[in-house]
Structures are given as structure tokens and as C-alpha cells.
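The residues making up each chain are set out below.
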Amino acid sequence: MAAHVHHAPNPKTYLLVWLFLIIMTGVTAAVAYIDMPGPLNAIVALVIAVIKALAVALIFMHLWVSSRLTKLTAIAGMFFLGIMLTLVSIDYISRSWIAPSIFTYFRH
Amino acid sequence: MPMDSHTMTVDHMQEAGHPALKPYFDDLAQQRDASTFGMWVFLLTEIMFFGGMFCAYLIFRNLYHDAFVAASNTLDVVLGTINTAVLICSSLTMAMAVWSAHMGRRLMIVVFLIATVLLGLVFLSIKGVEYKEKWDSHHVPGLNFSTDAFTHPEKSQGEGELGHPALPSDVAQHTVIYFGLYFCLTGMHALHMIIGIGILCFLIRFAWDGHYTADHYTMIENFGLYWHFVDIIWIFLFPLLYLISRHR
Amino acid sequence: MSSITQPLPQQEKAFRWKMPEESYLTDGYSLKSWLLTTDHKRIAMLYLISISFAFLIGGIFAMLIRLELLTPAGDLFESDTYNQLFSAHGIIMVFFFLVPSIPATMGNFLVPLMVGARDLAFPKINLLSWYLYVFGFAFMITALVLGGVDTGWTFTVPLSTSYVNTHVILAAMAIFIAGFSSIFTGLNFIVTIHRMRAPGMTWTRLPLFLWSNYATALIMVLGTPVVAITLLLVILERTFHIGVFDPAYGGDPLLFQHMFWFYSHPAVYIMILPGMGVVSEIIPCFSRKRPFGYTMIAYSSLMIAMFSFLVWEHHMFIMGVSTYSALIFSFVSFLVAIPSAIKVWNWTATMYKGSIHWDTPMIYAIGFIGLFTIGGMTGVMLASLGMDISLTETYFIVAHFHYVMVGGMLLAYLGGLHFWWPKMTGRMYPEAPAKLSAILTFVGFNLTFFPQFVLGWLGMPRRYHSYPPEFQVLNVLSTAGASVLAVSFILPAVYLLWSLKYGAIAGPNPWGAAGLEWTVQSPPLTHDFVETPVVTTEAYDYENIPEPAYASR
Amino acid sequence: MQSADTFKLFPDSASTISGYVDVHFMFLCAITAFFSLLVACLVVYFGIKFRAEVHPVAKQIHGSIPLEITWTAIPMAISVLIFAWGAILYMRIYTPPTNAMDIYVVGKQWMWKAEHPGGQREINTLHVPIGRPVRLTLVSQDVMHSFSIPAFRIKREALPGRYTTVWFEATETGMFHLYCSQYCGTNHASMLGRVVTMSPDEYQKWLATDAGDSLAAGGEKLFQSMGCNSCHRGDSGARGPNLAGLYGTMVNFNSGPSVIADDAYLRESILQPNAKIVNGFQPLMPTFQGQLSEENLIQLIEYIKSLKDTAHQTQTIHNQQQFPPVLQGGNSASQLPETKKKP
Ligand code: HEA
Ligand code: HEA
Ligand code: CUA
Ligand SMILES: [Cu+2]
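Residues numbered from 1 in each chain as written. Chains lettered and ligands numbered in written order. Predicted model: local features only at pLDDT ≥ 70, side-chain atom pairs only at ≥ 80, totals over all residues. Heavy atoms only, no water.

Let us now look at the interface of chain D and chain B. Facing the seven residues of chain D at the interface are seven residues of chain B. Together, the buried faces of chain D and chain B total about 490 Å²; carbon and sulfur atoms form 47% of this surface. Sorting the residues of chain D by area buried against chain B places Gln-272, Asn-274 and Thr-287 of chain D first, and these three jointly supply 71% of that buried surface. Inspection of the chain D/chain B interface yields two residue pairs in polar contact (both at pLDDT 80 or more). Looking at the side of chain D that touches chain B residue by residue, the classes come out as three nonpolar, four polar and no charged. (Contact = heavy atoms within 4.5 Å. Buried area = accessible area lost by both parts, 1.4 Å probe. Polar contact = N/O pair within 3.5 Å; in protein donor to acceptor, adjacent residues only side chain to side chain. Nonpolar A, V, L, I, M, F, W, Y, C, P; charged D, E, K, R; others polar.)

Laid out in C-alpha cells, this is it:
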């Protein structure tokens, strides 16, 4: 059989990860009640979400012990999603930016 | 270049007659590898599918922050947290089901799969309660939407306990976008859960019949990937919808 | 690669191949054996039939469009009818013809044969993909029968969400469903190419057709879900007014544009990469030569797939996007042209010092190079921010994309069809009418679409059902060309059908072409290979492949 | 000139920008022709020179790194050149000069309505003087439209709910086509008209024939009738900020970054007054969405623009410097009122 199955995590690991996820869920919910300055609430919540998602992907989904190709596939998903989010945001964010004088230099 | 080319070994020659081996695969390992990879590629498309909605959410949250804060505060964080925990538990039982399959324990597979179904149903029920609440407070776009709860919080009961001031109507009208996206995102997620539960029922049946052996349980393994993926989507939906917009 | 095959007879002229007694075509004759097949070759044939039908319908709509545009006044159709015509033409041609064209027919047929596998990784999903296609197409036809859709193929909001009262929802559902058919095709290709290559079939020995279909599959898998969700949001916006796209509720029509083009720009490469793959097979074969710069052609496909996701905003330059992002997207639009340029040069260089045979597939391939270059270079003109202001939303765009889609992909599709026809059916097509139709296509095509460049430059807006009289002469030319074009497409339909019964029997490798697919009998057996092939030679080993003396030349 | 010909190859050129666009176009055509011909000639030449009859045995060549580099680098270099050139042209077309006169254009299914500051209104025609830069502010009442004048080489989308701008300076007198080029439904093909360019004198005469209330005057009436003046009284005790002299200055808010008060900002302030709260004020202003047509909005904006900075000493931060234009893809007003420039 494919070798990597033997490295598949065992129930103990699963339980630990589960515990970790539950705790993180509690933490992120609790932290949300604190009014933090600026975008800090969002940042904290999303960082925790990323950590949780990573735990699920790496352990529950066996990504940790999967082939390079599988890892690459998962990364590709994140990468292209990232491209979409960033490039769309760039348009919205920079629509109201004030033009540097170079933009108007060529106008007559 | 020998990234993943296959060589003939004696080992799999013996498997040639395995009942689960499809005629167009050389051996079970290749077959298993291919379907697991296929599942991952499918999840890739799912990422992009939800990604479109995440993109819309990102843009509008930044454009209409006040409306999103007000609307987000109508969600019940406690229910959301419980649901997150429920889904995480179901991920655990799913992972255990896969592990049981790997160990070749028929009964354990069935037990864990049933547990997964039950937890999934609990999640959907709680979601149902939340939807019901949204319906009652007229927050369903297109069907019974009204911004009254935001423009006149004093009139609506059960809400506004967080004590938010009334929103001007021009701000309040944008809550429809929040709820529109809320229903799209959670609805799509719930749809994935429902499909998942449907498939799970079949898996339970097959597992009970002893279809899965320690050397052939790809179906369960791949379904596990799907289920965990749906969990991951929720892991992001939870903070995005419930948590990050609680304060202005 | 050919080393493992039975040696090709270098024989006396009298030699005749016999039709193999057993093949995938003889493996059951009932309708059921076709409709429930999981054989990638039969599914390819099912696709071939269905997309030909789609092309016919789309083509008829095109002819009606051209007929209306014969005179400046909008005298033939109501404006609403005209709007429905070009919407249906665009939707059908793009989503039901060109996107599945090469991947779903030749791709399905050839991917397993080329990698040396007995089928695709997920044959049932492959069949499902065809059913989804048919199902989606049925939705589209229903939409048309019930009264059509008039949003253009781009579904511009808020027009499509709040203003038109035609069957937007049905049409969007049609595309949504067909989208999943395309996703499943892509998924199958990716997994098959990664996981099912025969021993010795390393990445550097992979036929270029596979490289380009692999790149296509990546785009299908990554891009299609986004258009699916976008159209779903359009449907929800239309039914429930969720507000995301409709400015009346605070939504932003430009967000729709972003999301739509995030798929639809990469999709134009879904509509060209497979054609590039076909050309990369045809040119070496009829030049009897290893492709010049194999690695560059292979990697440029991946580069196109990658960069295609970074340029979508060039469809929105005048729509009030931020100048900063317009600058970024314009620049990357130029970058994405470079890999295409690399391919064009390498194909040209492949012909250098080759031994060129002017068979029909080669004529199509050469036509492809020329027309794609014109189409591509006019694309580069549009990528220039300042130029786009003048040319966007005019017939210049129409000409640009017909040059790449019809002059490029459609020609490649026809070339490939002729090239692999003997493999698919076991019989040769008749050479003389084929040559004639190839040349007719080329002439008719240029006559139809070249005048449209001028029209666009003069400022004639697209999607116009009537137009000022000074555009008439050019429009008449274009319509005349379209009639030639129609004839040139009817011709192959006739003689290809004829050849099914009367064509000369082809034998396994009528062209003396390289590639595993030519090592098996034509038409192939249901499970393709009797035993797993082992590849021991480099790809395109034309030096060592004898040229059959009896091919149609 | 609009003419009765049924055939032509070159569009009219009637604006200062046309020449720039034409040169760029010709250059691009030359490049396109050059490469297309080069490729076509090469394939045909090779196809004939090396045809199987005279060249039966192919010479196997695997590739050449120097060649690959060359034919990657040359298109790259040309691309960068075209990019820079195109970018400059784009900014030219979408960045109005500071001394441009304003005309508002409202698109709706299926007509163009033009509003001149003097109150002249026209439908599907646009009268403009030659020799004077004109800034068009476009908006749509329903779906997306696109305002295209090929002879001027300009085109700009008219979006629902948002202003976009484009500018031109006509150089020839005559009549030219004006199209809606974004597909907008049933009568998209009839949403066209003409641009009439006239000498400044004639233009003045034309203006005089149709002088009604100026936009600003109409705006002033609305300002009263809608009750704006009850809060924007102009004194320091008023509930709303003083609007005189507001246009073109930097406005600070209770939260979020400051913006320049341009047309887009004024529009937002009236329709979504509470999206941004001016520093020192309460979110009291009701929204006027649904109560004001696009034309009304334009009138109000023109009126607010016309209010001179007499007693403006309020919490709005004034920056007397010239602000560089805001480049929201040109969708916003981007120049100072002319009054600011005169000493
Ligand atoms: C098969 C489909 C296909 C392909 C392959 C392409 C290829 C390209 N397209 Fe096209 N395009 C469409 C289909 C396609 N397009 C469609 C359907 C639309 C309109 C949609 C709608 O609105 O309905 C469109 C519209 C469109 C626009 C938007 C116009 C507008 O609406 O304003 C732009 C703008 O940048 C553009 C650019 C390009 C570029 C840069 C390429 C490049 O990839 C081309 C690369 C190729 C070459 C450059 C030729 C070979 C190179 C050489 C011979 C070497 C010399 C090269 C240089 C010097 C650079 N296309
Ligand atoms: C794959 C893509 C594709 C193809 C192949 C074509 C093919 C053709 N197109 Fe199309 N076209 C588009 C994609 C395509 N088009 C798109 C995306 C649009 C934009 C739509 C929009 O604005 O929303 C468009 C728009 C468009 C317009 C602009 C309409 C407008 O803006 O007002 C015009 C006008 O001339 C036109 C003409 C033609 C013509 C004459 C052909 C000819 O090449 C067609 C010739 C074919 C036939 C006449 C069929 C006859 C064939 C047979 C009978 C044999 C086949 C049968 C078997 C094999 C069994 N097309
Ligand atoms: Cu308005 Cu087209
Ligand atoms: Cu594009």
C-alpha cells in the first residue's frame, strides 16, 4: 500500500487537535467581545481562523503527510484566491487615491 | 522528472485480481492516489467557488462598514460558537471514521459515521434556528426584508440588547447586502452539508455491508476530505460573519 | 516513442489496411451502449456530435446577425430579436461550442491514448460531464424557445438583474451547469496527466498537446467556479435583490465585472490553449521534424495559464476603475502576450528546414499561425490603455476576438479534426474537398472579419442592430464573407460524414506521426492498449519514424 | 464631418486628442502589420522552400537558447514601449485640465440628456464650442451606458450611482456622431445622437437662445424647497456645515481618511450623508435618495459649487493649496473651481 498511510495520525493526535480547535473557538469568540483598536479585531479573528484551518487541513486532512503534489494543490487554491482578493481590492482601495503629480505631468 | 511515474513491481502484480481495482488502473496504489488527488483538485474548485463570495464580502464590508457592524450584531455569537464546536466535533468523528477504516474495523466505521451524521444534523438544526430568527426579524432579502430593526431599534423586541443606536436609513439600507451575503455564504455552506449528509448515509450503508477493507477505503477517505473542507469553510465564515464586525 | 509498435510497413503501393474487426466502435451498437458508456473515446464522440449541433445553431444565429447588418436600417428583425440573436450566438459559441470544443472531443479521445493509459482517471465523472453539458444546453435551448435572453454573453448588471425581462435565469443556469461539465473535464485531465502516465512517459516526453490541455485544465478548475458563483449571484440578485450587484441597493456593477472577467479572461485562454496544442502536434508531423524549442512551447502554456489570471481588468479600462490598477493590469496584459509570441516563433522555426507536407491539417495549422498572430497583435493594441478607449465596445473588439476564436481556435479545431479523424473513425477524409474547404475558410474568414477592424476604428459600436449609412460597404463585405464562411463549414460536415462509410481505410498511423496514440489500431480498442506501453524514446522522434508512402499525399 | 458616404477608411478627427490617438494607432498598426507579415511570410516561405518534394529529409533542430532569448526580449521591449505610451495617452484623456468648462450628461434607457451650466438642456445632441476644454461628468439613471464620440477619440462609461468624467477640446466645427457603446437593452442601437461643435461666438449665441434658469439657480431653488437651508444656514450655529467654498477643499471626518470635496463627494453627501460624518457634526442629515432625480442632484451640486467662500470659517479644514486631481479612474471631479485660481 501507499507508504504514507502508515504515517497517518493516530486517534491521540486527533483528540489533541480537536481539543486545540475547541479551545481556539472559545478564545476567538471571547476575544470578539473586546473592542480592540482599528482592524485588530478582524486581524486576531482571522489569524486564529487560519491557524484552525491549518490544523484541520494538516492533521485531519492528512496534508502534513501527503505528497508534494497534494500540498501544491492546496497552496494553489490559496494562491489564486489570494490573487482574486488582492487584485480586486487594489482597484477599490486605490480608486480614491490622490494622483501623484506624475499622472498629470503629461496632460496639457 | 520522476516526480510520480510508476514502475511495475511484483507487489501490485498480486493485487491484479482485487475486486475493487478498476481495469484502467495498474494497481490499487495508483487508483487510490488518483482518486485522492482528484478529490483535492475538486476542493480547489470549491475554494474558488466560495472565494467569489468571500471577495464580494470583503469589498462590501470595507465599503459599508457601519451597516455591516449593525447587521453582524444581530447574529447570535453563542449559537455561532456552539455550531463551530459542533462542526469541529463532527470533523473529529469523521477523522476517526477514516482511521477506523484504515484499521479495518467495520463497526467502528459505522459508529463514527453515524456520529458524524448526527453532529451534522445538529449543526443544521441550529442553523435552522438562526434562520428562523432572521425570518422573524425580517432580515431575509427579497422575502420579507425590512430595515426597521436598525432604523427604529426601540420598536423591535428581542433585539438591540447590545444597545446600538438607531442607524440612519441611508446606512441601514446597506444591511441588505450583509444579509444577502450572509444567506449566500451560509446557505451554500449548508447545501454542502446537506449533500455531505446524503452521501454519508450511503457510506454508512456500504460500511455496514463491509464494503471497506483496510486496503480499500478510498471512498471514506475522500469523503473525509470533503467533510473537513466544509468545516474549514465554516471556520472562516464564523469570524467573518459573526465576530470581526462587532465593534465599529 | 514508436519503438514499441509493430513496425510500420514501408511497403509497396498495393498494400491496403483492413478495418480492425474489433474496436471501441464495435463494442456494442445499442443506444444504451453509447449513452451509458464510460469509454473516453465514445464520450468524445458524444461530445463531438453535441458541439457540432451547438456550432450549427450558433452559426445560424451568426448568419442572421450578418443578414440584418447588410443594410444600415434595422429592417429584418426587431431590435429585441437582434439582441437575442447576438446574445444567443455569443453564449452558445463560447460556452457550448468553443470551451468544450477541443478539450472535450480531441482531449477526451487523446489524453489517455497519449499518456499510455487505458482510460481517464474518472470515467464515470467524464460521462457525468457530458450529461451536464447536455443538461445545460437543454436549459439554454429552453431559454431560447421560451423567448430568448438579451443580455449579451457578458450578462452586464444591472441590466441583467433588474431591467430585462427575458430568460436570464435559465440562461445563467445553463452556463452554471455547463460550467461544471467543464470543471469535471479539467479535473479528469489533471489527474490523468499527473497520475496515469505510462512507464517512461516523463514530463519532458509529454506531447505538447497534453501540456496545453493540462494548462487548459488548470484554468478550467480554477476559473470556472468563479463564473459559476458570479452567475448564481446574478440569479439571486434577480430573484431576491440581495443587493451585491444592483446600485439601487448599494451594490456595485463593477464588482460583477471583476468577478465575471476573473473567469472570462482566463476562459479566452481555455479557448486558445488547446488549439495551440493541436498546432504543436500538426506542425512537427507535417514538417517531419522535432518541434523547435519543445520546452519553451511546453512551459509557455503554463505561463499563459498563470498570467491569464492577472489581466482581467483590461475589459474594464473605461468603466471607472482606479488608474493605478488599470496600469497594473495593462502591463500584465502585455506580459501575457509574450508566451504566445514564444509559441508562434517556435512553430515557425519548426518549419525551418523541415520537410513540409501541405496536407489539410497543415493548411489549417498554417492558417492558424497567421490569423492568430493578427488576432493576438490586435489584442496587444487593446491592452494599450490609451488605445482601448477608442477601440473598446466597437467592432474592433468583435474582429479581435473572432480572429483569435474563429481564425485561431476554430481553425485549429478543424485541423485537429482532420488530423485525428483517421484515428477516431479508422477512415481518411477525402483530401481534395478538404483542401478546398480549408482555403475557403481562410478566404471567407478574412473577408468577414477584416472589414470589422476598420469598422471598429471608424467607431461603429458593437451590438448595434442598425447603424449609420457610412458603414454600409464594409458591412456588406463582411456579410459576403460570412456566406463564404458558411459554405466552408458546411463542406466538411458533408465530406466527413461521407468518409465514415466511403473514406479510405487509414491504418494505425497514416501520417507517420509520433505519439502513443498512433501506435494502436485505428479506431482503437475499448481499453486502448493491449498491454501497458513503455516509453523509451524522446517525444517527436521524427528522425526515426518512417514516413508512410500511402498516406493521402 | 458627418457625411452621407457609404464608405470610408479613416474617422473624422476633431479634437486635440485625436492626433495623439491616431499616431499611437498608426504605430500599433505598423507593429501589428510588421509582425503579422513577418510570420506569414516566414511560414509561407518555409512551406514552399522546404516542401517535401524538394526537401525530402528534414534537418532535426532541437532549439536554440540565443534565439529564444531574442524573440522573447524584442516583444518584451516593444510591449514596454507600447505600455508606457498607452498609459500616458490614457491619463491625458481621463485627466481634465483645470480650466475646463463643465457639462453634465445623464444617460438613461435610451437617450442622452446633456445639461449645460447655463441651464440649457438637450437630448441626444451636445453643443460645444471649439478651442475650449470641456469636462463631461457622466452618470446613468438606470443601467450602464457608454458615451462615445469617435471623432474626438473619447469614450467613457456612464455608471448608475456614480460619476465618471472625461474631457475633450474640439478643434473643428461641424457635426459628429455620438453613440452609446455599452449594450443597454432594447434600443441600445438608437441611443445615439450628434455633437455640434461651433465657434465660440456661435456657441454664445446658441447658449442665449435657450437660456432658462442656470443649473445653479435651479439648485438654489431646490436648496430652499428641499429644506437644505434649514440646516445649512451658513452660520456657525447651524446644524449642518457651511457649504460655501466647500468645493475643492479637503474635508475631515469623524473617522476614516479625509477626502477632497469633488462632485462625487457632494453626490454622496446628499444621497448617503451618514456614510461619512464631517468632523464636528452629528449624523443628523436625512438621506435624499429617491427624492432627487439625477438632474436635481446636478443642480444642487452646481449650486454648492457656485457658493463662494465668503464666511466659511468652519470646522471643515481648508487647504488653500491647489490639490492635485483625484484619479478615481477619472470618475470624480478633479479640478479646483476656476475661482480658486484667479488671484
Ligand atoms: C481565444 C480567445 C482570445 C485570445 C487568445 C485573446 C488574446 C488576447 N486578448 Fe482578447 N478578447 C477575447 C478573446 C481572446 N483574446 C474576447 C472574446 C474578447 C471580448 C469579450 C467581450 O467583450 O465580449 C477579448 C477582448 C480583449 C480585450 C478587451 C477589449 C475591450 O473590451 O476593451 C483586450 C484588452 O487588453 C484583449 C487583449 C488580448 C491580448 C493581449 C491577448 C494576447 O493573449 C494575445 C497574444 C498573442 C500575440 C501577441 C500574437 C503572437 C505574437 C507575436 C507574433 C510576436 C510579437 C509580439 C509582440 C510585439 C507583443 N482582448
Ligand atoms: C466560438 C466563438 C464564435 C464563433 C465561432 C463565431 C462565429 C461567427 N460570428 Fe460571432 N461572436 C462570438 C463568438 C463567436 N462567433 C461572441 C462571443 C460574440 C459576442 C456576443 C455578444 O456581444 O454578447 C460574437 C458576436 C458576433 C457579431 C457581433 C454582433 C454584434 O455585436 O452586434 C458578429 C457580427 O458579424 C458575429 C459574426 C460571426 C460570424 C459571421 C461567424 C461565423 O464564423 C459563423 C460561421 C458558421 C456557420 C454559418 C455555421 C454553418 C456550419 C454548418 C452548417 C456546418 C456545421 C455542422 C456540422 C459540423 C454538423 N459574431
Ligand atoms: Cu445606452 Cu447602449
Ligand atoms: Cu481578456
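Attention shifts here to the coordination of the copper ion (ligand 4). All names here are of chain C. Protein coordination at the copper ion (ligand 4): the donors are His-265 (ND1), His-314 (NE2) and His-315 (NE2), at 1.8 to 2.1 Å from the metal. For the copper ion (ligand 4), the single-chain donor residues occur in sequence as H-x48-H-H. The iron atom of ligand 1 is placed at 4.4 Å from the copper ion (ligand 4). Taken together, the residues span a long stretch of sequence, with His-265 in helix α8 (residues 253-270) and His-315 in the loop between α10 (294-307) and α11 (323-351) at a distance of 50 residues. For His-315, a relative accessible area of 27% translates into the label partly exposed. (Donors = N, O, S within 2.8 Å, 3.2 Å for Na, K, Ca; no water. Helix = DSSP H or I, 4+ residues; strand = E, 2+ residues; numbered from the N terminus. Buried < 20%, exposed > 50% of the residue type's maximum accessible area, 1.4 Å probe, protein only.)

All right, on to the site of ligand 2 then. Residues and elements named next belong to chain C. As a structural note, the neighbourhood of ligand 2 is formed by 35 residues, with Arg-66, Tyr-82, His-89, His-402 and Arg-463 the closest of them. At 2.8 Å from a nitrogen atom of ligand 2 is found a side-chain nitrogen or oxygen belonging to His-89. In the model, an oxygen atom of ligand 2 is placed 3.2 Å from a nitrogen or oxygen of the Tyr-395 side chain. Per-element accounting of the shell around ligand 2 gives the leading share, eight residues, to helix α2 (residues 40-68). Of the residues that constitute the shell around ligand 2, the class distribution is 24 nonpolar, eight polar and three charged. (Near = heavy atom within 4 Å.)

Moving on, we come to the packing of aromatic side chains. Going through the model one piece at a time under the given rule, you end up with 87 aromatic pairs over all chains. Centroid distance Trp-211 of chain C to Tyr-299 of chain C: 5.7 Å. Interplanar angle 90°. Geometry classified as edge-to-face. Residue Trp-211 of chain C is found in helix α7 (residues 208-240), and its partner Tyr-299 of chain C is found in helix α10; the two are separated by 88 residues along the sequence. Aromatic rings pair up to connect Tyr-57, Phe-68, Tyr-131, Phe-145, Phe-150, Tyr-178, Phe-179, Tyr-182 and Phe-183 of chain B into one cluster. It is Arg-95 of chain A that lies over the ring of Tyr-92 of chain A; its NZ or CZ is 4.2 Å from the centre. (Phe/Tyr/Trp six-rings, centres within 6.5 Å; stacked < 30°, edge-to-face > 60°. Lys NZ or Arg CZ within 6 Å of the ring centre and 35° of its normal.)

Next up on the list: the pairing of strand β2 (residues 111-115) of chain D. Residues and elements named next belong to chain D. With four of five residues buried, β2 is to be regarded as a mostly interior element. As paired strands, strand β1 (residues 101-108) and β2 are joined by five bridges and run antiparallel to one another. By the bridge assignment for β2, Gly-107 is matched with Trp-112. Counting the residues between successive antiparallel strands, the hairpin from β2 to strand β3 (residues 121-123) contains five residues, one of them, Gly-119, with a positive phi of roughly 100°. (Pairing = 2+ DSSP bridges.)

Here we take up the environment of Ile-270 of chain D. Residues and elements named next belong to chain D. Tracing the backbone through its elements, the reader meets Ile-270 in helix α6 (residues 263-271). With relative accessibility at 9%, the residue Ile-270 sits in the buried group. Along the primary structure Ile-270 and Met-285 are separated by 15 residues, whereas in three dimensions their C-alpha atoms are 8.5 Å apart. If we skip the residues at most four places from it in the chain, Ile-270 touches Met-285, Pro-286, Thr-287, Phe-288, Leu-292, Leu-297 and Leu-300.

Right, let's get into the coordination of the iron atom of ligand 1. Any two of four tetrahedral donors ideally make an angle of 109.5 degrees at the metal, while pairs among six octahedral donors ideally make 90 or 180 degrees. Among protein atoms, the single one acting as a donor to the iron atom of ligand 1 is His-400 of chain C (NE2), 2.2 Å away. Inspection of the secondary structure puts His-400 of chain C in helix α14 (residues 395-425).

Throughout the structure, instances matching the rule amount to 23 salt bridges over all chains. In this structure, Arg-195 of chain C and Asp-33 of chain B form a salt bridge, with 3.2 Å as the shortest nitrogen-oxygen distance. Here the residue Arg-195 of chain C occupies a position in helix α6 (residues 168-195), and Asp-33 of chain B occupies one in helix α2 (residues 28-63), the pair thus bridging two chains. For Arg-195 of chain C, a relative accessible area of 5% gives the class buried. With its nearest N and O atoms 3.4 Å apart, the salt bridge here joins Lys-127 of chain B to Glu-130 of chain B. Placement of the pair is Lys-127 of chain B and Glu-130 of chain B together in helix α5 (residues 106-136), with a separation of three residues, close to one helical turn. (Salt bridge = Lys/Arg side-chain N within 4 Å of Asp/Glu carboxyl O.)

Lining the immediate environment of ligand 1, one finds 33 residues, of which Tyr-269, Asp-388, Thr-392, His-400 and Arg-462 of chain C sit closest. With respect to ligand 1, its neighbouring residues span chains C and D. With respect to ligand 1, the side chain of Thr-392 of chain C contributes an N or O atom lying 2.6 Å from an oxygen atom. At a separation of 2.9 Å, a nitrogen atom of ligand 1 approaches a polar side-chain atom of His-400 of chain C. Those elements that place two or more of their residues in the shell around ligand 1 are α8, α11, α12 (360-383) and α14 of chain C together with α2 (65-94) of chain D.

Counting residues at the interface gives 93 residues for chain C, matched by 88 residues for chain D. Its largest share of buried area at the contact with chain D, chain C owes to Trp-345, Trp-457 and Glu-470 of chain C, together 11% of the area lost on that side. At the junction of chain C and chain D, the tally comes to zero salt bridges. For the pair chain C and chain D, the number of links is 33 residue pairs in polar contact (both at pLDDT 80 or more). With 16 residues, α11 of chain C is the largest single contributor of residues to the side of chain C that touches chain D.

Attention now goes to the sheet that holds strand β6 (residues 145-149) of chain D. Residue and element names in this part refer to chain D. Taken together, five strands build an open sheet; the order of strands is β4-β10-β9-β6-β7 and the sheet is mixed. Of all the strands in the sheet, just β4 (125-129) and β7 (154-158) have a single pairing partner and so form its edges. Ignoring which end each strand starts from, the neighbouring axes of this sheet average 20° apart. By the bridge criterion, two bridges tie β6 to strand β9 (residues 174-180) in an arrangement that is antiparallel. Following the sheet pairing, Phe-147 is matched in β9 by Cys-180. Against the sheet, helix α3 (residues 200-209) contacts β4 and β10 (193-198), and its axis sits at roughly 130° relative to β4. (Axes fitted to C-alpha atoms, helices over the stretch in contact; angles between N-to-C directions.)

Strands pair in a sheet through their backbones, by hydrogen bonds, and they do so in one of two ways: parallel or antiparallel. Residue and element names in this part refer to chain D. The strand order across the open sheet built from five strands is β3-β2-β1-β5-β8, with neighbouring strands paired in mixed fashion. The open sheet is flanked by β3 and β8 (164-168), the only strands paired with a single partner. Pairwise comparison of adjacent strand axes, ignoring direction, gives a mean angle of 25° for this sheet. Bridge analysis of strand β5 (residues 134-140) against β8 gives five bridges, and the strand direction is antiparallel. Note on β8: the bridge partner recorded for Arg-135 is Trp-167.

So, on to a nonpolar patch on the surface. A surface patch of nonpolar side chains, amounting to about 570 Å² of accessible area, comprises Leu-447, Val-473 and Leu-477 of chain C together with Phe-7, Leu-9, Phe-10 and Met-26 of chain D. Inspection of the secondary structure assignment puts Leu-447 of chain C in helix α15 (residues 431-458). (Patch = residues over 30% accessible without salt bridge, like charges linked within 9 Å, V, L, I, M, F, W, Y side chains within 5 Å. Areas by Shrake-Rupley, 256 points an atom, 1.4 Å probe, with all protein chains shown as cover.)

Confidence in the prediction for chain C averages 92 pLDDT; 96% of positions are at 70 or higher. Considering only residues more than four positions removed or in separate chains, one finds that residues 1-7 of chain C, a stretch of pLDDT under 50, has 22 contacts. (pLDDT = per-residue confidence, 0-100.)

Take the packing of helix α1 (residues 16-49) of chain D against α2 of chain D next. All names here are of chain D. Two numbers describe how α1 lies on α2: the axes approach to 11 Å, and their chain directions differ by 160°. Here α1 lies roughly antiparallel to α2, going by the angle between them. Relative to α2, α1 is oriented so that their crossing is left-handed. Between α1, through Ile-17, Tyr-20, Val-21, Val-23, His-24, Phe-27, Leu-28, Ile-31 and Phe-35, and α2, the contact on the second element is made entirely by Ile-78, Leu-81, Ile-82, Trp-85, Gly-86, Leu-89, Arg-92 and Ile-93. In terms of residue class, the contact of α1 with α2 is made up of 14 nonpolar, two polar and one charged. (Parallel < 35°, antiparallel > 145°, perpendicular 65-115°, else oblique. Left-handed = near helix turned anticlockwise from the far one by under 90°.)

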